[in-house]
Amino acid sequence: MSRYKAYTEYKDSGIEWLGLVPMNWSVSKIKYLTSFQVGWTPPTKDDANFDGENLWANISDLRGREIFDTNKKISDDAAKKASMDITPQGSLMYSFKLSVGAVSFAGTDMYTNEAIASFLVESQLPLAYLYYVLPKFVIENASTNIYGARILNQELISNADLLAPSFEEATTIANFLDHETAKIDILIVKQQRLIKLLKEKRQAVISHAVTKGLNPNAPMRESGVEWLGEVPAHWDVKKFNHCVSIRNGQVDPTISPYREFVLIAPNHIESGTGKLIALETAEEQAADSGKYLCRKGEVIYSKIRPALAKVCISPSDEAICSADMYPFQGISGLTNTFLYWTLLSNWFTSLVILESDRVAMPKINREKLADIMLPVPSIAEQEQVCIEVNRKTSVIDLLLQKAAKSIVFSQERRTALISAAVTGKIDVRDWQPAPVSEYEDAAAEAAASAADCGDRPGAGPYSPEYGPT
């Protein structure tokens, strides 16, 4: 915030968490500065109440600065019976139950439920200013329930303290924040797009390597498998159960030594990357049902929700996995590392999605797995493929980490900027809009850095047992 100046004079706000505020600002309560109304929910047992064309906003609809549509609609009769007031176009809607602090403007007239406070245009402060102020100030007036969650009601909102500059100064602050946060949001969106492209490239690198190999000039032949297409002519294509062994028999995680073993469940694995994100023992997880024993280097694969591609390498001989997972061991010339990358490939995931049981919780069973055909090169070529895939994905992973950190930094900066402006820590009365080029250039540079991410020199060590490190 060093680029912005402070006010010349400050005074004590009388509010402990707020501290000093600009001398010419006043501290008042919401009920003296603006008014709001709340909506209602028609009886849910009567389907006719929700068979209409009237927009009816819920907390889940408050996404983005302005909303023009709602997930649910209500009938004229439902609105009339409940004596619901319309939230007029331009009103500021603030969620104060469950998801506290979400704000959106009504892009058109609509009704709301009872979890939304609608601040009307008739206010002593501009709603554009309240858009930034309410999420910070009102939550400070919330109480805490027995679960530690912040909760609000209409009385707590009405008595929440607000800082009130003049209407003109509040308008300038809102314009400043609109402009500056828009620049930050541009960068965040572009970094999110970059992450999406990098993940797609990562998948393309894996899928191509485990189905086509590394030599672009290698003679190809039809695999005889529709989903696989052509494979290098010298590769074998084997049924899953001919080259992969699935462990049978379970152990009791409540007894020694298994309760001290690491217990791996689907929630411990990052989707689509093969990375373990948590290690907990069976005892720490209070496990009480049968688990599969895993040996170091074996591939652990989640049979539930196969679209998530939850795959990892067992880190130790002292590991067990959930009964929702399969411990795999490559046999008959298939290495565990090549199997690991194959299970992470798009073509394999797409296939098992089609083969999984059509139930609320999709699952791929042993019988369906057994008939899947896998491409299998020689062991020497498998090792070469794994080294190269690890090299390329490590570079991509590094770029993904940087993009993710950039988003976090931008979000933190956005929050800090809003806080500084609405609490008077910075003086923006003389602010003038600046071009957004500095943010767009940064985003363009980040995107360009990914263009050759699959072909730059290696990034980090390769582990033949664990894949990427």
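Check the entry above for the structure.
The numbering scheme is per chain: residues are counted from 1 as the chain's sequence reads. Per-residue local features of the predicted model are confined to residues with pLDDT of at least 70, and side-chain atom pairs are confined, for both listing and counting, to 80 or more; whole-chain, interface and lining totals are unaffected and use all residues. Water and hydrogen atoms were dropped before computing side-chain values, which therefore reflect all heavy atoms in the structure.

K.L.:
Explain unusual backbone geometry here, please?
P.N.:
Residues other than glycine predominantly adopt negative phi, and peptide bonds predominantly adopt the trans conformation. Of note, the amide linkage connecting S256 to P257 takes the cis form, showing an omega dihedral of 0°. Segments assigned H or I by DSSP are reported as helices when at least four residues long, segments assigned E as strands when at least two residues long, and all are numbered from the N terminus. The topology assignment puts P257 in the loop between strand 18 (244-246) and strand 19 (262-264). Notably, A309 is not glycine yet its phi reads approximately 50°, a positive angle. Turning to its location among the elements, A309 is positioned in the loop between strand 21 (299-302) and strand 22 (311-313). Of the residues examined, A309 reaches a relative accessible area of 5% and is grouped as buried. Classification of residues uses two cut-offs on accessible area relative to the type maximum, computed with a 1.4 Å probe and protein chains only: under 20% is buried, over 50% is exposed, and between them is partly exposed.

K.L.:
Which parts of the structure should I look at to understand the side chain of Q203?
P.N.:
Residue position: Q203 is located in helix 5 (residues 167-212). With residues up to four places along the chain from it excluded, the contact list for Q203 reads G272, L344, S345 and N346. We call two residues in contact whenever any of their non-hydrogen atoms come within 4.5 Å of each other.

K.L.:
Sorry, what's going on with the sheet that holds strand 21 here?
P.N.:
Working definition: the strands of a sheet are paired by backbone hydrogen bonds and lie parallel or antiparallel to each other. Taken together, the four strands give an open sheet; going across it, the order is 18-24-21-22, and neighbouring strands pair in antiparallel fashion. The strands lining the two open edges of the sheet, one partner per strand, are strand 18 and strand 22. Between one strand axis and the next, the sheet turns through 30° on average, direction left out of account. Two strands make a pair as long as DSSP finds a minimum of two bridges between them. Sheet topology places strand 21 next to strand 22; three bridges connect them, and they run antiparallel. Each bridged residue has a counterpart across the sheet, and for Y301 the counterpart in strand 22 is V311. Angles shown run from 0 to 180 degrees and are taken between the N-to-C directions of axes, each axis being a line fitted to C-alpha atoms and, for helices, limited to the stretch in contact.

K.L.:
For this particular structure, what's the right way to read the sheet that holds strand 23 (residues 319-321)?
P.N.:
Strand order across the open sheet formed by three strands is 19-23-20, with mixed pairing between neighbours. Here the strands that pair on one side only, and so sit at the sheet edges, are strand 19 and strand 20 (292-294). Averaged over all adjacent pairs, the angle separating strand axes in this sheet is 35°, with direction ignored. Strand direction decides the pairing type here: strand 19 and strand 23, joined by three bridges, are parallel. Within strand 23, the residue paired with I264 across the bridge is C321.

K.L.:
Mind showing me how you'd approach the nonpolar core here?
P.N.:
The tendency in soluble globular proteins is for nonpolar side chains to be buried side by side. Take the buried Ala, Val, Leu, Ile, Met, Phe, Trp, Tyr and Cys residues and link them wherever side-chain atoms come within 4.5 Å; each set so joined is a nonpolar core. Counting 58 residues, the largest nonpolar core has F119 and Y129 as its most contacted members. Of all the secondary structure elements, the ones that give two or more residues to this core are helix 1 (30-33), strand 8 (92-95), strand 9 (103-106), strand 11 (116-119), helix 3 (127-137), strand 14 (161-164), helix 5 and helix 10 (379-422). With eleven residues, helix 5 is the largest single contributor of residues to this core. Within the second largest apolar cluster, 36 residues are counted, among which are A209, I246, V352 and L374.

All quantities given are derived from atomic positions and should not be read as evidence of function.
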